[in-house]
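Remarks on the overall topology
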Amino acid sequence: GREEAEVPAYRAPVEAKIVRKDWTGKGGAEVMAGVKELVGDRYEDFRGASAKFARAELDAGDYYGEFAREFARLEQAGLFTPMVSLLPSAERRQELADLHEAYAAAADLPVAPVDGMAAMVMEKVKANGGASRSTAAPSTARGGYSAGPAPSAA
């Protein structure tokens, strides 16, 4: 008789655990090298969209919605705030930081939403009066997230 080979059970690919690192005092080149490593094969698309966002050629909601998974991973690695701080425009930095906090708060998640949640979350953010505007720099003490309820029109 013919002996049947044992077929190994299917295992879903295991994503490497993201290790949070202290990026304080790191230069732009080092921060972007970390971003490139974390974003992986979407880096060129991410870089192109980031440049468009910096030049105000891409809406913050569209930018964040397209790369929500990458922003969540950057947050987990401690790279979101250092990356945002590299944007030359204070207004664009604040817009992205506010949207990042609003996404997490509106979805009531400890990390930013991923994949197809962008449209749903944007509707919640708009219904609640949009992301709050402040002149403060993005907070690293809170990990970039609001612990409170979703933003509301004040």
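Reference entry: report on the structure contained in this document. Being a predicted model, the structure only gives us computed values, none of them experimental.

1. What about the overall build of the protein chain?
A tally of helices and strands in the protein chain yields 7 helices and 0 strands. Reading the helices (α) and strands (β) of the protein chain from amino to carboxyl end gives α-α-α-α-α-α-α. Per-residue burial for the protein chain yields a buried fraction of 40% across its 154 residues. Partitioning the intrachain contacts of the protein chain with sequence separation of at least 6 by distance along the chain shows that 66% fall at a separation of at least 24. Accessible area for the protein chain stands at about 9700 Å²; split by element, carbon and sulfur atoms hold 52% of it.

2. Let's talk about unusual backbone geometry
Its identity is not glycine, yet Ala56 carries a phi of approximately 60°, on the positive side. Within the secondary structure, Ala56 sits in the loop between helix H2 (43–54) and helix H3 (60–66).

3. Comments concerning the packing of aromatic side chains
A full pass over the atoms with the stated rule returns 9 aromatic pairs. Both rings, one in Phe53 and one in Tyr63, keep their centres 4.8 Å apart while their planes meet at 15°; by these two values the pair is stacked. Taken together, the positions of Phe53 in helix H2 and Tyr63 in helix H3 put the pair 10 residues apart, joining distant regions of the chain. The exposure class of Tyr63 is buried, given its relative accessible area of 2%. Geometrically, the ring pair formed by Phe71 and Phe80 is edge-to-face, given 5.7 Å between the ring centres and 80° between the ring planes. Among the residues examined, Phe71 registers a relative accessible area of 0% and is labelled buried. Classification of Phe80 as buried rests on a relative accessible area of 3%. Here a set of aromatic residues connected by ring pairs shows up, and it is made of Phe46, Phe53, Tyr63, Tyr64, Phe67, Phe71, Phe80 and Tyr103. Positioned above the aromatic ring of Trp23 is the side chain of Lys21, whose terminal nitrogen or guanidinium carbon lies 4.4 Å from the ring centre. Geometry around Phe53 places Arg92 over its ring, the cationic atom sitting 3.8 Å from the centre.

About the thresholds
Residues numbered from 1 in each chain as written. Predicted model: local features only at pLDDT ≥ 70, side-chain atom pairs only at ≥ 80, totals over all residues. Heavy atoms only, no water. Helix = DSSP H or I, 4+ residues; strand = E, 2+ residues; numbered from the N terminus. Buried < 20%, exposed > 50% of the residue type's maximum accessible area, 1.4 Å probe, protein only. Contact = heavy atoms within 4.5 Å. Areas by Shrake-Rupley, 256 points an atom, 1.4 Å probe, with all protein chains shown as cover. Phe/Tyr/Trp six-rings, centres within 6.5 Å; stacked < 30°, edge-to-face > 60°. Lys NZ or Arg CZ within 6 Å of the ring centre and 35° of its normal.

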